[in-house]
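Listed here are the chains, written in short residue letters.
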Amino acid sequence: MMAADQDSPLYLGFDFSTQQLKVVAVDGNLNVVHQNNVQFDSELPEFRTQGGVHIHADKLTVTSPALMWVKALDLLLDKMKEAGLDFSRVRALSGSGQQHGSVYWRTGASETLTNLDPDQNLNQQLQNSFSISDCPVWMDSSSSQQCQDLQRAVGGALRLAEITGSRAYERFTGNQIAKMRQTKPNEFQSAERISLVSSFAASLFLGDYAAIDYSDGSGMNLLDIRTRTWSEVCLEATAPHLHSLLGAPLPSTAVLGPISSYFVQRYGFSESCRVVAFTGDNPASLAGMRLQQGDIAVSLGTSDTVFLWLQQPRPALEGHIFCNPVDWQEYMALLCFKNGSLTRERVRNECAGGSWELFSASLRDTPLGNNGYIGFYFDVMEITPPVVGVHRFDPDDSEVSSLSPQVEVRALVEGQFLSRRLHAERLGYSIIPGTRVLATGGASSNKEILQVLSDVFNAPVYTIDLSNSACLGSAYRALHGLVAESGVTFSDAVKKAPEPQLVATPHPTAQEVYDQMLKRYARLEERLLQETRP
Ligand code: 5FX
């Protein structure tokens, strides 16, 4: 490394995810100069987690020990020091956490946090700082009763979605808080503060309770996403004293303050290193992808996930609207679809002899619009829409029991992407000139699949590696946080980051074909919903 590089600034992004704690360091040119991680199961076996969590006997309750995350941070910083990272160069740090999880700080913990002794590790000092040692995480689905109670209190599922961006979900923090209050009243009583995983992690670096940011706060069923303040009706229905237990939320770009003197003395951070608000892993991924207004990101994995940048959200009973993590006046949306790669693989096995080449050839050899054949392939109960089974329709909208293998392949891929577009548009998304579709995940290496994606959205498709996006997004947000107050936009602050690769542009007839087909798809989906409704 050259001498000049050794003094150049660094920005750190941490990701407290479900199975591991990760970090990346980027320099001022946004080159990644260091990466490290701690795997919870294998490197902290004393906590006996599987995949970073404990699944309880009821199979619905899923928790992680707060102290495991604390110990992981001790270990990670030691590993970074050992690898020779010069902490004095770090100008700012930020991070992300798995969304929705909650941490309950015991009365007196703030005192401990502000007086940390640099001669001891965090784990030794925070042993008694949590009133509930096992934190509910996003995989927990044990709060159905509390979800019903909340929806009833605010006037129904749609009303709750209009206020908070989502109908009630078991994993959303407000419902978990209500459950803790009811099932662990004494432990709940002895909490002086409740953090999300993200704001808990920021609190460690800050040496004080960190604010919940607007974006991760939107995953709680408690924040009014339009006023960006806690919703009174939701707080009241959840638990008493929540204003003081949660603290006031702040924009995700906020600088929370300087790093705690503990890290200055123990690891050699500069006193001027700033802690920028931490956020959820999905909002941080949006930053890592550098999604812009009008863009849509489609992650083609075991389940498919769609990220949207929205200006005018239309909350619905499906999907989630969050405040935007890089521009506090805007929004983002997240949609999850269970029938992704596994369904594509099943159809490949049945219709293309298990070969991706033959699967691709079928897409090449069949026309846009599939001569009017359309299909819904829900091998498992889909989230959006809640329908199960395979349903194929001929050009007259009559349900048919089979299609030729080539037509089946196109019906599957077109159907999946029409569904992604339909539900994105229902949340307020619209394709505008300049819209880019960013594709990532396993299937994004298949050019023919991406050509269909480009045609259905009538927009160019770019590929991007997302494996580290939450971490990278956090490092980018750290850098942006330092200049956000002076009006520099996120995209200007990170314009040196690597550009995604253009891989497909829409066919000239795509708009004509798919605008019509989308309307038909919506009608048929509604029909399936009516037919399958209990
Ligand atoms: C989003 O709503 C989720 O529950 C998950 O993607 C978690 O954030 C994973 F960490």
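Here we come to the site of the ligand. In the vicinity of the ligand, the contacting residues are T18, Q98, Q99, H100, W138, R171, D281, N282 and L334. Contacts to the ligand include Q99, whose backbone N or O atom sits 3.2 Å from an oxygen atom.

Much of the literature gives interface size as the accessible area that the parts lose upon coming together. The domain architecture assigned to the chain consists of domain 1 (3-283) and domain 2 (291-463 + 500-534). A C-alpha centroid distance of 33 Å is found between domain 1 and domain 2. Contact with domain 1, which involves 25 residues of that partner, is made by 20 residues of domain 2. Note on domain 1 versus domain 2: buried area summed over both sides is about 1,800 Å², and carbon and sulfur give 59% of it. Applying the counting criterion to the domain 1 and domain 2 interface returns zero salt bridges. Seen at the junction of domain 1 and domain 2, the total is 10 residue pairs in polar contact (both at pLDDT 80 or more). Secondary structure elements with two or more residues in the side of domain 1 that touches domain 2: α7 (157-164), α11 (214-217) and α15 (281-289).

The subject of this paragraph is the nonpolar core. The nonpolar side chains of a soluble globular protein tend to be buried, and buried together. With 83 residues, the main nonpolar core has I177, L222, L242, L246, I296, F359 and L453 as its most contacted residues. Residues lining this core come from more than one domain, with at least three contributed by each of domain 1 (3-283) and domain 2 (291-463 + 500-534). Apart from residues lying up to four places away in sequence, I177 is in contact with Y104, F188, I194, L222, T238, A239, L242 and L246. In this structure, A25, A201, A202 and F205 belong to the second largest nonpolar core, which totals 55 residues.

The next thing to look at is the sheet that holds strand β19 (residues 331-337). If you walk across this open sheet you meet the seven strands as β18-β19-β17-β16-β23-β24-β25, and the pairing is mixed. In the strand order of this sheet, the two ends are held by β18 (320-323) and β25 (501-504), each with one partner. When strand polarity is set aside, the average angle formed by the axes of neighbouring strands in this sheet is 25°. Where β18 and β19 come together, four bridges link them in antiparallel fashion. Bridge pairing in β19 places C323 opposite Y331. Taken strand by strand, helix α18 (residues 405-426) contacts β16 (296-300), β17 (304-310) and β19, and its axis lies near 145° from that of β19.

In the contact formed by helix α16 (residues 341-351) and α18, the axes pass within 9 Å of each other and the chain directions differ by 170°. When the axis of α16 is compared with that of α18, the two are roughly antiparallel. Residues T343, R344, V347 and C351 of α16 form the contact with α18, whose participating residues are P405, E408, V409, L412 and Q416. By residue class, the composition of the contact of α16 with α18 is five nonpolar, two polar and two charged.

Conventions adopted
Residues numbered from 1 in each chain as written. Predicted model: local features only at pLDDT ≥ 70, side-chain atom pairs only at ≥ 80, totals over all residues. Heavy atoms only, no water. Near = heavy atom within 4 Å. Polar contact = N/O pair within 3.5 Å; in protein donor to acceptor, adjacent residues only side chain to side chain. Domains from an automatic or database assignment. Contact = heavy atoms within 4.5 Å. Buried area = accessible area lost by both parts, 1.4 Å probe. Salt bridge = Lys/Arg side-chain N within 4 Å of Asp/Glu carboxyl O. Helix = DSSP H or I, 4+ residues; strand = E, 2+ residues; numbered from the N terminus. Core = buried A, V, L, I, M, F, W, Y, C linked by side-chain atoms within 4.5 Å. Buried < 20%, exposed > 50% of the residue type's maximum accessible area, 1.4 Å probe, protein only. Pairing = 2+ DSSP bridges. Axes fitted to C-alpha atoms, helices over the stretch in contact; angles between N-to-C directions. Parallel < 35°, antiparallel > 145°, perpendicular 65-115°, else oblique. Nonpolar A, V, L, I, M, F, W, Y, C, P; charged D, E, K, R; others polar.

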